[in-house]
Amino acid sequence: MKILLSIFIGIFLLLTNQKRPELHITRQQSVDSLGACQGAHYYNGRLFLYGDRDIGIIREFHIAGDSVEYTNREYRLTIKGKDIINHPTGIARADGLPTFIGNSVRLNKEGTQWKALIYYVDWEGLLQTGTLDNNLINTIEDDACIQGTRPEYVKLGNKWYVATADYGNRGNEVRLYDPAALAKAKNTSEAGVLYKKFTCSPWVQTLHWVPEKGVLMLIQNQVEGRRWRFTFLDLEKSVAAGKQQIISEIDIDRNDELEGFTFTGAPTQGVGVSSSRRNNVNRVAVTW
């Protein structure tokens, strides 16, 4: 009996004293020709940074020590030269599932009216041809959103979903969409597209899923358009509670606009990007 009690006490202490993630910038780097960088996506050793230059673009990089180096591969989000995804806000990609790219379109100069679009694209075709010509499969209006869209694949139980979130400071939500239904839809408000949602804090620029930890990261600003914040959520608990369940919230003393983040392999080293022209690509170390 005493042995069992000791085991239970040990487990309780382990859980209640579980170390929270810590995050630090280890190197800053200036990367040009992205316009205002909007996000980062890493897959199988390839780092993709995307932005809203004169057109929406994705550029490919590789990791070289503590720096990123351009591979001279650029992908234009255009059809017949026309800018289609002018303000890319997320890339959702997973093996065997549809690839989605988000776009948040400002409809007035005050920034109070937005149109959010999710594009189902042939990712391999885009990488081969360098444009969206013949590689745009479907365009979906994210009318279930409140402000903007930023797709990212997450896994809940044994099923993958496309998560997205709002940016503004009123009624913010993280929503989970069924990828098969989303791929065929014209609007995210259609029956069967939305699976679950939960409320979250404001100024979410992009999302990043950490599969090894079951953690969804909100890549945020502390105030509108300024200062860096990384929020680590327990996804399963957040969905069950209907509101974000925070594991850790980390603020960084940077006065520019954090836009995106991705781990580059294991969940200890990553890249955070801002919309600034200088020091817009940052190597980041995370300890758990």
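Residues numbered from 1 in each chain as written. Predicted model: local features only at pLDDT ≥ 70, side-chain atom pairs only at ≥ 80, totals over all residues. Heavy atoms only, no water.

Observations concerning the overall build of the protein
Here's step 1: A count of helices and strands for the protein gives four helices and 22 strands.
Here's step 2: With the principal axes as the frame, the protein shows a C-alpha extent of 75 × 45 × 40 Å.
Here's step 3: Across the 288 residues in the protein, those meeting the buried criterion constitute 53%.
Here's step 4: Long-range pairs, those at least 24 residues apart, make up 50% of the contacts in the protein between residues at least 6 apart in sequence. (Helix = DSSP H or I, 4+ residues; strand = E, 2+ residues; numbered from the N terminus. Buried < 20%, exposed > 50% of the residue type's maximum accessible area, 1.4 Å probe, protein only. Contact = heavy atoms within 4.5 Å.)

Observations concerning the pairing of strand β13 (residues 159-165)
Here's step 1: Counting buried positions over the seven residues of β13 gives five, a clear majority of the element.
Here's step 2: Bridging between strand β12 (residues 152-156) and β13 involves five bridges; their strand directions are antiparallel. Bridging across to β13, Glu152 finds its partner in Ala163.
Here's step 3: Relative to strand β14 (residues 173-177), β13 is paired through four bridges, and the arrangement is antiparallel. Paired with Ala165 across the strands is Val174, a residue of β14. (Pairing = 2+ DSSP bridges.)

A word on the environment of Pro179
Here's step 1: Mapped onto the fold, Pro179 is located in helix α3 (residues 179-184).
Here's step 2: When the C-alpha atoms of Pro179 and Gly265 are compared, they prove to be 24 Å apart, with 86 residues separating the residues in sequence.
Here's step 3: Apart from the residues lying within four places of it in its own chain, the contact partners of Pro179 are Pro98, Phe100, Tyr153, Trp160, Tyr161 and Val162.

Focus: the sheet that holds strand β2 (residues 37-43)
Here's step 1: Taken in spatial order, the four strands make up an open sheet running β2-β3-β4-β5, and their pairing is antiparallel. The open sheet has two edge strands with one neighbour each: β2 and β5 (67-76). Put simply, the sheet's adjacent strands are angled 25° from each other on average, direction ignored.
Here's step 2: When strand β4 (residues 56-64) meets β5, the two strands line up antiparallel, connected through eight bridges. When the bridges of β5 are listed, Phe61 appears paired with Tyr70. (Axes fitted to C-alpha atoms, helices over the stretch in contact; angles between N-to-C directions.)

Observations regarding the environment of Trp203
Here's step 1: Of note, Trp203 is situated in the loop between β15 (194-199) and β16 (204-210).
Here's step 2: Taking relative accessible area as the criterion, Trp203 reaches 12% and is therefore assigned buried.
Here's step 3: Spatially, the C-alpha atom of Trp203 lies 29 Å from that of His62, the residues being 141 residues apart in sequence.

Here we look at the layout of surface pockets
Here's step 1: Of the voids in this model, the second largest pocket is the one considered here, and its volume is about 550 Å³.
Here's step 2: Along the wall of the second largest pocket there are 29 residues; nearest its centre are Tyr42, Tyr43, Glu152, His208 and Trp209.
Here's step 3: Elements with a minimum of two residues in the lining of the second largest pocket: β2, β8 (88-92), β12, β16 and β20 (258-263).
Here's step 4: The greatest single-element share of the lining of the second largest pocket, amounting to five residues, is contributed by β16. (1 Å grid on protein atoms, 1.4 Å probe; cavity = no way out; pocket = protein on both sides within 12 Å on 5 of 7 lines; lining within 4 Å. Points joined across faces, edges and corners; volume = space filled by probe spheres on them.)

Let's talk about the side chain of Asn282
Here's step 1: Structurally, the position occupied by Asn282 is in strand β22 (residues 281-287).
Here's step 2: With residues near it in sequence (within four places) discarded, Asn282 still touches Ile25, Arg27, Gln28, Trp228, Arg254, Gly270, Val271 and Gly272.

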